[in-house]
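Coordinates in review
Residue strings, one per chain:
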Amino acid sequence: MPAEDIHVTDGMIHFAAPLQPATIIRRPNRFIIEADITGTSVACHCPTTGRIGNFVLDGLPCLLSRSDNPARKTTHTVEAISLDPPDAPEPTWIGINQNAANRYIETALRHNLLTDMITARTVLCEQALGHSRLDFLVNDDTYIEVKTPLQHVQAPLGRHIRTRRQAPFDSTDRMIRHIGELGDSLGGHQRAILIVCFLYDNPGFQVGPNPSTRHAAVRTKVAAAVDQGVEIWQVNFLLDANGVRVGRQTELTAQFTQRPARPAGPH
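Residues numbered from 1 in each chain as written. Predicted model: local features only at pLDDT ≥ 70, side-chain atom pairs only at ≥ 80, totals over all residues. Heavy atoms only, no water.

For the protein, the count of helices and strands is three helices and 14 strands. For the protein, the proportion of its 267 residues judged to be buried stands at 48%. Taking all contacts inside the protein whose residues are at least 6 apart in sequence as the whole, residues at least 24 apart take part in 64%. About 13200 Å² of surface is accessible on the protein, with carbon and sulfur atoms providing 50% of the total. (Helix = DSSP H or I, 4+ residues; strand = E, 2+ residues; numbered from the N terminus. Buried < 20%, exposed > 50% of the residue type's maximum accessible area, 1.4 Å probe, protein only. Contact = heavy atoms within 4.5 Å. Areas by Shrake-Rupley, 256 points an atom, 1.4 Å probe, with all protein chains shown as cover.)

Next up, the structure:
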């Protein structure tokens, strides 16, 4: 959903129109999810081309946004899924739109909804740094990069959920490059932050049961960046059909170093 379709009142980031409930029929490829909308099968855009947990999506409830852009091949995008039973009166939603996560972070920064982490006076998007483009430059002195992991979903699975074995995730080059650029930025900037963003109430970030084949290399790079002063934060957004709210804001830096976490409050 475009940024102009988002507005904020009372701390809630509202969608321009409520998301539409549907049921997933199948995911035939990385880009498409077929969904049942009131008895009609509709091909919908899948906003993440990678894995979504290790469970079978067929039959799961989902929420769809709609676009009237005539240039699009699909009119709907799957924004969220639920692992709750199909007849649950108030499903708990797990957002899967990684691009939307960046827009929610931007909106939260501009409306100062992340003050445990930072108080934003200015926010610039897609800023060049070294050989990368990082997501945000805040207050002219803090680079922020956002990652929204979906390979491992930390949520309860009911008996109705079917799972499949997954090979270890091995696409980490971009992650390694970005965390390195964040660390290097601290030569001329006051802060650098990696946000691990979840579009559900993640209880506390953990590496999945099938870590990357380059897990050791990634962890070494992250530890080196943290030693340079990079902070790692978890930000949860709680999503429903009408919008999202900021949930927990937790500094994770201490998980990767002996350096103590900062006290909560404006920075």
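Should their charged atoms come close, side chains of opposite charge can pair. Summed over all chains, the structure comprises seven salt bridges. Measuring nitrogen to oxygen at the nearest pair gives 3.9 Å for the salt bridge that ties Glu-126 to Arg-133. According to the relative accessible area criterion, Arg-133 is partly exposed, its value standing at 48%. (Salt bridge = Lys/Arg side-chain N within 4 Å of Asp/Glu carboxyl O.)

This next bit is on the nonpolar core. Among the nonpolar cores identified, the biggest contains 44 residues, and Phe-55 and Ile-81 are the most heavily contacted of them. Counting residues in each nonpolar core, the second largest holds 33 residues, with Trp-93, Ala-108, Ile-144 and Leu-239 among its members. (Core = buried A, V, L, I, M, F, W, Y, C linked by side-chain atoms within 4.5 Å.)

Working definition: an aromatic ring pair is given by the centre-to-centre distance plus the angle between the planes. Enumeration according to the criterion identifies four aromatic pairs in this entry. Geometrically, the ring pair formed by Tyr-104 and Phe-237 is tilted, given 5.8 Å between the ring centres and 55 degrees between the ring planes. Residue Tyr-104 is located in helix H1 (residues 98-110), and its partner Phe-237 is located in strand E13 (residues 231-239); the two are separated by 133 residues in the primary sequence. The exposure class assigned to Tyr-104 is buried, which follows from its relative accessible area of 0%. With centroids separated by 5.6 Å and ring planes inclined at 75 degrees, the aromatic side chains of Phe-198 and Tyr-200 adopt a geometry described as edge-to-face. An identical accessibility class is assigned to Phe-198 and Tyr-200; each is buried. Here the aromatic cluster, defined as three or more aromatic residues joined through ring pairs, consists of Phe-15, Tyr-104 and Phe-237. (Phe/Tyr/Trp six-rings, centres within 6.5 Å; stacked < 30°, edge-to-face > 60°.)

Quick look at the pairing of strand E3 (residues 20-26) now. Along any regular strand the residues' side chains alternate between the sheet's two faces. With four bridges connecting them, E3 and strand E6 (residues 61-66) associate as antiparallel partners. Bridge pairing links Gln-20 to Leu-64 in E6. Note that E3 and strand E4 (residues 32-37) share three bridges and pair antiparallel. Considered in E4, the bridge of Ile-24 is made with Ala-35. As consecutive antiparallel partners, E3 and E4 are separated by five residues. (Pairing = 2+ DSSP bridges.)

The strand order E1-E2-E14-E13-E12-E11-E10-E9 describes an open sheet built from eight strands, whose pairing is mixed. Unpaired on one side and paired on the other, strand E1 (6-9) and strand E9 (123-129) mark the two borders of the sheet. On average, each strand axis in the sheet is tilted by 35 degrees relative to the strand beside it, whichever way the strands run. In terms of strand pairing, strand E2 (residues 12-15) meets strand E14 (residues 243-251) through three bridges, oriented antiparallel. Across the sheet, residue His-14 finds its bridge partner in E14, namely Gly-243. (Axes fitted to C-alpha atoms, helices over the stretch in contact; angles between N-to-C directions.)

Another point: the environment of Gly-247. With respect to the helices and strands, the residue Gly-247 is situated in strand E14. The class of Gly-247 is partly exposed, set by a relative accessible area of 26%. Along the chain, Gly-247 and Asn-236 lie 11 residues apart, while their C-alpha atoms are 4.9 Å from each other. Other than its neighbours up to four places away in sequence, Gly-247 contacts Asn-236, Phe-237 and Leu-238.

A few words on H1. Over its 13 residues, H1 extends 19 Å from the first C-alpha to the last, a length consistent with the 18 Å expected when each residue adds 1.5 Å. For H1, a buried count of 10 out of 13 residues is recorded, marking the element as mostly surrounded by other parts of the structure. Among the residues of H1, those classed as buried are Ala-100, Ala-101, Asn-102, Arg-103, Tyr-104, Ile-105, Glu-106, Thr-107, Ala-108 and Leu-109. At the exit of H1 stands Asn-112, carrying a positive phi of roughly 50 degrees. (Expected span 1.5 Å × (residues − 1).)

The subject of this paragraph is the side chain of Asn-139. Looking at the element boundaries, Asn-139 is found in the loop between strand E10 (132-138) and strand E11 (142-147). Here the side chain of Asn-139 touches Thr-119 through a polar contact of 2.9 Å, landing on its backbone oxygen. Within the local environment of Asn-139, its side chain forms a polar contact with the backbone nitrogen of Arg-121, the two atoms lying 2.6 Å apart. (Polar contact = N/O pair within 3.5 Å; in protein donor to acceptor, adjacent residues only side chain to side chain.)

Moving on, we come to the environment of Leu-252. One can find Leu-252 in the segment after E14. The spacing of Leu-252 and Phe-205 is 47 residues in sequence and 8.2 Å in space, taken between C-alpha atoms.

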